[in-house]
Amino acid sequence: MADVLQMSTMFEPEVVEDLFTKVKGHSTLAQLSAQIPIAFTGNSIFVFSMDDEVNLVAEGGKKSAGKLKAEPVKVAPLKVEYGARVSDEFVYASEEKKLDILTAFNDGYSKKVARGLDIMAMHGINPRDKQVSSLIGTNSFDTATGVTKVDYVAGTEEAVLETAALAIGEYDVTGFALSKNFGSELAKIKVNGVPQYPEFRFGASPAALGGTACNVNSTVSYANNAAGYVGDFASAFKWGFAKEIPLEIIPYGDPDQSGKDLKAYNQVYLRAETYIGWGILDPTAFARIIKKG
């Protein structure tokens, strides 16, 4: 029994798919943008920039070259992990009971990975310690050069959304990622006593705003006074994960450095790790709304 428990196993493929279906349901960025497969060594996505328009040429007329710039954006996976102690009764439990525990762990882990993706890619910080992460660097909406910053004060919600939409130039606005507070302010807007955005009332997160995909999430305002992000999430942001997700069941030691030996406290430790990556293909395709005052 002990030898089995010390082995690092993998979640079954169907469990992984289930986990990331839940991630899509709880991550604003995963809901607004496209998922791509990620290799452990990372992916390079080439972004082509054609600054000129097409050239109209008469038959036999002179052709001229247009400007072309191709730059690779590296989508490198980063490792995230989550562990938790459970009673060592888990070791002796029936297979059905073990499955219940692992199912609950899977549910909780999927939500934490989902929140982690948002927090890291939006704010550039480690979700656990809330500190700026050198591993992320400028690969976040808050730290990338080129993302337009738009200041916001309560009462100007409609105007600031218009300003943010215009700031991304020729890109299409395909999504709004809004904080809960911003959604609440939209719900308060009335014309002649009639609510203009009743779909945001009572903390709701509508799937669309003005016909454009929308999601309201507490991860938006997790750091840096962010109130919202507006941009072309459909084409200018990509994310994905490596499908091999190890699950460790650790019966000995102090794996979480709590100072409490597992055996001494009749516990075992469950730990899962995921490699997840994302890339902002063009920062100018996005604007971030910052709450002032």
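Along every chain, residues carry numbers that run from 1 in the direction the sequence is written. For this predicted model, a pLDDT threshold of at least 70 governs which residues receive local features, and a threshold of 80 or more governs which side-chain atom pairs are given and counted, while totals over whole chains, interfaces and linings are taken from all residues. With hydrogens and water set aside, each side-chain value is computed from the structure's full complement of heavy atoms.

K.L.:
Help me out: how do you make sense of the overall build of the chain in this one?
P.N.:
Helix and strand definitions here come from DSSP, where helices need a minimum of 4 consecutive H or I residues and strands a minimum of 2 consecutive E residues; each element is numbered from the N-terminal end. Of the regular secondary structure elements, the chain holds eight helices and 16 strands. Throughout this description, buried means an accessible area under 20% of the type-specific maximum (1.4 Å probe, protein chains only), exposed means over 50%, and partly exposed covers the range between. In the chain, which comprises 293 residues, the share counted as buried stands at 42%. Contacts: residue pairs with any heavy atoms within 4.5 Å of one another. A sequence separation of at least 24 residues applies to 75% of the contacts in the chain between residues at least 6 apart. Element-wise, carbon and sulfur atoms account for 52% of the exposed surface of the chain, whose accessible area totals about 15,800 Å². Using a 1.4 Å probe, the Shrake-Rupley method yields the accessible areas, and only the shown protein chains count as cover for residues.

K.L.:
Looking at this model, I keep getting lost on the packing of aromatic side chains. Mind explaining?
P.N.:
Each aromatic ring pair is specified by the distance between its two centres and by the angle formed by the two planes. Only the six-membered ring of Trp is used, alongside the rings of Phe and Tyr, when aromatic pairs are assigned; centres must lie within 6.5 Å, and planes under 30 degrees apart are stacked while those over 60 apart are edge-to-face, with the rest tilted. Evaluated as defined, the whole model comprises nine aromatic pairs. When the centroid spacing of 5.6 Å and the interplanar angle of 40 degrees are considered together, the rings of F141 and Y229 count as tilted. With F141 in the loop between α5 (95–123) and β6 (148–152) and Y229 in strand β12 (residues 226–231), this residue pair connects regions lying 88 residues apart in the sequence. In this pair, the class of F141 matches that of Y229, namely buried. Plain terms: the ring middles of F141 and F237 are 5.5 Å apart, the flat faces sit at 35 degrees to each other, and that makes the pair tilted. Taken together, the positions of F141 in the loop between α5 and β6 and F237 in strand β13 (residues 237–241) put the pair 96 residues apart, joining distant regions of the chain. An identical accessibility class is assigned to F141 and F237; each is buried. By way of ring pairs, the aromatic residues F141, Y229, F233, F237 and F286 are connected into one cluster.

K.L.:
Explanation requested: the nonpolar core in the structure shown.
P.N.:
Within soluble globular proteins, side chains that are nonpolar generally end up buried alongside one another. In plain words, nonpolar cores are sets of buried Ala, Val, Leu, Ile, Met, Phe, Trp, Tyr and Cys residues tied together by side-chain atoms within 4.5 Å. Among the nonpolar cores identified, the biggest contains 39 residues, and F141, F237, W278 and F286 are the most heavily contacted of them. With seven residues, the single largest contributor to this core is α5. Leave out the neighbours within four places in its chain, and F286 touches F141, G146, V147, T148, I168, V230, G231, D232, F233, A236, F237 and I280. Counting 21 residues, the second largest nonpolar core, distinct from the first, contains F176, A187, F200 and A287.

K.L.:
Would you take a moment to explain the environment of A213 for this structure?
P.N.:
Following the sequence through the fold, A213 ends up in strand β11 (residues 212–216). Among the residues examined, A213 registers a relative accessible area of 30% and is labelled partly exposed. With near-sequence residues (within four places) excluded, A213 lies in contact with L32, T174, G175, F176, A207 and A208.

K.L.:
Is there a simple way to explain the sheet that holds β11 in this structure?
P.N.:
Within a sheet, neighbouring strands are paired by backbone hydrogen bonds and run either parallel or antiparallel to one another. With mixed pairing, the six strands of this open sheet are ordered in space as β6-β16-β12-β7-β11-β10. Edge strands, defined here as strands with exactly one partner in the open sheet, are β6 and β10 (208–209). With four bridges connecting them, strand β7 (residues 175–178) and β12 associate as antiparallel partners. Bridge pairing in β12 links A177 to Y229. Orientation is described by axes fitted as lines to C-alpha atoms, over the contacting stretch for helices, and by angles from 0 to 180 degrees between their N-to-C directions. Sheet strands touched by helix α7 (residues 180–188): β6, β7, β10, β11, β12 and β16 (286–291). Its angle to β7, the strand with the most contacts, is close to 105 degrees. In this description, strands pair whenever DSSP reports at least two bridges between them.

K.L.:
Explain the side chain of D232 to me, please; I cannot follow it from the model alone.
P.N.:
By secondary structure assignment, the location of D232 is in the loop between β12 and α8 (233–236). Under this rule, positive means Lys or Arg and negative means Asp or Glu; His and the chain ends count for nothing. For this analysis, a salt bridge means a side-chain nitrogen from Lys or Arg found within 4 Å of a carboxyl oxygen belonging to Asp or Glu. Despite its burial, D232 pairs with no opposite charge; the closest candidate is K238, at 7.9 Å N-O. Contacts described as polar in this section are N or O atom pairs within 3.5 Å, which, within protein, must combine one atom able to donate a hydrogen with one able to accept it, while residues neighboring in sequence count only if both atoms come from side chains. Side-chain polar atoms of D232 contact the side chain of S235, separated by 2.7 Å. The contact partners of D232, leaving out residues within four places of it in the chain, are I168, Y171, D172, T174, F237, A285 and F286.

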